[in-house]
Amino acid sequence: MPDRFSAFSFVDRITALEAGRRARGRFAIPTGLPAFSTCLVAEAVGQLAGWVAMAQAEFRRRPVAALSGETRIIGEAAPGEILELGVEIESCDPDAVAYRGWARVADTPVLELCRCVGPMLPLEDFDAPEAVRGDFETLCGTGARPSRFPGIAAPELGVIDRIPGQRLRAGMHIPASAPFFGDHFPRRPVFPAVLLLDAQIRLALQFAGETLPAGQRLRPARVVDMKMRSFILPGHAVEIETGMRSATDRAAELTLAAMVDGKRVATGRIEIVSQQPG
């Protein structure tokens with residue numbers, strides 16, 4: 001297989017398709033990875049929806065991440081496991097696609113996406129339409145080469161400002177070049193929204209760990225109203241911030257935000273809960 005299916009492609013094969021309405025797919029998580037982020041599971045579901053939308057638009061337009069109404073994080077997916085993916089298209093026209101979807105390992109739910117919307121933009125601005133059409137035919141046929149994903153190093157977060165119990169702010173630098181930009185996207189490299197979310201979740205978990213009673217194992221349970229307002233580009237310096245909305249001894253709801261050059265580029269909320277038995 002060509003390197004188009006390499007650094008940031010998370011659908012190996014489309015196993016069922018009802019044009020413009022729904023699809024099923026799968027992705028085999030390579031065994032050699034140290035871990036596989038739940039945010040990448042969300043990306044796999046979003047990519048499957050993207051293939052349905054691009055095919056419906058006859059590869060003239062493609063969706064980009066903009067709004068996720070609710071992401072329910074139910075479990076985890078580990079290296080060596082096979083993700084079963086599904087999407088239901090609620091509407092799709094030249095302006096936007098709306099969908100919901102899910103990911104499972106065997107019969108165990110891992111993640112659910114609800115009320116997702118992606119604006120449709122000219123595909124030729126991001127990639128070669130005929131090449132993308134060929135990729136789609138491969139995914140609907142023999143499938144992409146497995147075990148190709150090399151993993152992604154999470155950007156380091158440097159704390160900028162901390163007000164205990166109120167907020168935590170950190171900075172991160174987007175690399176000027178990285179293998180995943182080859183997939184996201186060849187003609188217009190954009191930092192993936194799910195990698196931003198992964199960084200925000202890490203910061204929120206750190207802040208919740210500093211705020212809630214000690215000794216708990218915390219996990220993200222739900223992300224709501226996550227909105228990308230503009231693209232983050234290679235080389236950008238990004239500030240991310242999480243703030244406390246409410247908390248109990250065993251859970252917290254926090255705000256999420258990201259800024260570039262003082263302009264807010266992403267917002268959302270997250271629920272963090274304790275995994276300890278009650």
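Structure shown above.
Residues numbered from 1 in each chain as written. Predicted model: local features only at pLDDT ≥ 70, side-chain atom pairs only at ≥ 80, totals over all residues. Heavy atoms only, no water.

Asks: Before we move on, could you go through the packing of aromatic side chains and cite the residues and values that matter?
Replies: Any aromatic ring pair is given by two values, namely how distant the centres are and how the planes are angled relative to each other. Evaluated as defined, the whole model comprises 13 aromatic pairs. Taken together through their ring pairs, the aromatic side chains of Phe8, Phe10, Phe27, Phe36, Phe149, Phe180, Phe181 and Phe191 make up a single cluster. A cation sits over an aromatic face here: Arg104 above Trp102, 3.9 Å from the ring centre. (Phe/Tyr/Trp six-rings, centres within 6.5 Å; stacked < 30°, edge-to-face > 60°. Lys NZ or Arg CZ within 6 Å of the ring centre and 35° of its normal.)

Asks: So, the environment of Arg104: which residues are in play, and what are the values?
Replies: Secondary-structure assignment places Arg104 in strand 6 (residues 96-105). Taking the relative accessible area as the measure of exposure, Arg104 reaches 34% and is therefore partly exposed. The spacing of Arg104 and Gln47 is 57 residues in sequence and 15 Å in space, taken between C-alpha atoms. The contact partners of Arg104, leaving out residues within four places of it in the chain, are Ile82, Leu83, Glu84, Pro109 and Val110. (Helix = DSSP H or I, 4+ residues; strand = E, 2+ residues; numbered from the N terminus. Buried < 20%, exposed > 50% of the residue type's maximum accessible area, 1.4 Å probe, protein only. Contact = heavy atoms within 4.5 Å.)

Asks: If you had to explain the layout of surface pockets to someone new, which residues and values would you point to?
Replies: Empty space within the second largest pocket amounts to approximately 460 Å³. The wall of the second largest pocket is formed by 21 residues, among which Thr38, Gly75, Glu76, Arg219 and Pro220 lie closest to the centre. Put simply, the parts of the chain that give the lining of the second largest pocket at least two residues each are helix 1 (38-56), helix 3 (193-211) and strand 10 (218-228). The dominant element in the lining of the second largest pocket, judged by the number of residues it contributes, is helix 3, at four residues. (1 Å grid on protein atoms, 1.4 Å probe; cavity = no way out; pocket = protein on both sides within 12 Å on 5 of 7 lines; lining within 4 Å. Points joined across faces, edges and corners; volume = space filled by probe spheres on them.)

Asks: Residues and numbers for the pattern of salt bridges, please.
Replies: Evaluated as defined, the whole model comprises 21 salt bridges. A salt bridge links Arg115 to Glu70; its shortest N-O distance comes to 3.7 Å. Placement of Arg115 in strand 7 (residues 108-122) and of Glu70 in strand 4 (residues 67-73) is noted, with a sequence separation of 45 residues between them. With a relative accessible area of 48%, Arg115 lands in the partly exposed category. (Salt bridge = Lys/Arg side-chain N within 4 Å of Asp/Glu carboxyl O.)

Asks: Could you give an account of the nonpolar core, with specific residues and numbers?
Replies: Phe36, Leu83, Leu196, Ile232, Val238 and Ile240 are the most contacted members of the largest nonpolar core, which has 79 residues in total. Looking at this core, the element that brings in the most residues is helix 1, giving 12 residues. Once residues lying within four places of it in the same chain are set aside, the contact partners of Leu83 are Gly25, Arg26, Phe27, Ile29, Phe36, Val41, Ala77, Ala103, Arg104 and Val105. (Core = buried A, V, L, I, M, F, W, Y, C linked by side-chain atoms within 4.5 Å.)

Asks: Account for the side chain of Arg148, naming residues and giving values.
Replies: With respect to the secondary-structure elements, Arg148 resides in the loop between helix 2 (129-140) and strand 8 (158-163). Among the residues examined, Arg148 registers a relative accessible area of 7% and is labelled buried. Engagement of the side chain of Arg148 in a polar contact is seen with the side chain of Asp12, the distance being 2.5 Å. Separated by 2.7 Å, the side chain of Arg148 and the backbone oxygen of Arg145 make a polar contact. Residues in contact with Arg148, not counting those within four places in the same chain, are Phe5, Ser6, Ser9, Phe10, Val11, Asp12, Phe27 and Pro30. (Polar contact = N/O pair within 3.5 Å; in protein donor to acceptor, adjacent residues only side chain to side chain.)

Asks: Lay out the environment of Gly101 in plain terms, naming residues and giving numbers.
Replies: Tracing the chain through its elements places Gly101 in strand 6. Along the backbone, Gly101 and Arg22 are 79 residues apart, and their C-alpha atoms lie at a distance of 9.3 Å. Leave out the neighbours within four places in its chain, and Gly101 touches Val45, Gly86, Val87, Leu111, Glu112 and Leu113.

Asks: Describe unusual backbone geometry, listing the residues and the values that go with them.
Replies: Omega for the peptide link from His184 to Phe185 comes to 5°, which places this bond in the cis form. Tracing the chain through its elements places Phe185 in the loop between strand 9 (167-173) and helix 3. Here the phi dihedral of Glu58 falls at roughly 55°; this positive angle occurs in a residue that is not glycine. Its location among the elements puts Glu58 in the loop between helix 1 and strand 3 (61-63). In the Ramachandran plot, Asp225 falls in the positive-phi region, its phi being about 50° despite a non-glycine side chain.

Asks: Could you give me a rundown of helix 1, with the residues and numbers involved?
Replies: For an α-helix, the turn length of 3.6 residues means that residues three or four places apart are oriented alike. If you check helix 1, its first and last C-alpha atoms are 28 Å apart, about what 19 residues at 1.5 Å a residue would give, namely 27 Å. Judged by how many residues are buried, helix 1 sits mostly within the fold: 16 of 19 residues are covered. N-cap assignment for helix 1: the residue whose side-chain oxygen lies 3.0 Å from the backbone N of Cys39 is Ser37. At the exit of helix 1 stands Glu58, carrying a positive phi of roughly 55°. (Expected span 1.5 Å × (residues − 1).)

Asks: An account of the pairing of strand 2 (residues 22-28) is needed here, citing residue identities and associated values.
Replies: The two faces of strand 2 differ: Ala23, Gly25 and Phe27 on one face are buried, but Arg22, Arg24, Arg26 and Ala28 on the other face are not. Examined bridge by bridge, strand 1 (residues 13-18) and strand 2 share five bridges and lie antiparallel to one another. Bridge assignment links Glu18 to a residue of strand 2, and that residue is Arg22. Count of turn residues in the strand 1/strand 2 antiparallel hairpin: three residues, of which Gly20 carries a positive phi of about 75°. Of the strand pairs in this sheet, strand 2 and strand 5 (residues 82-92) are connected by seven bridges, and their pairing is antiparallel. Looking at the pairing, Arg24 lines up with Gly86 of strand 5. (Pairing = 2+ DSSP bridges.)

Keep in mind that these numbers describe shape and distance, not what the molecule does.
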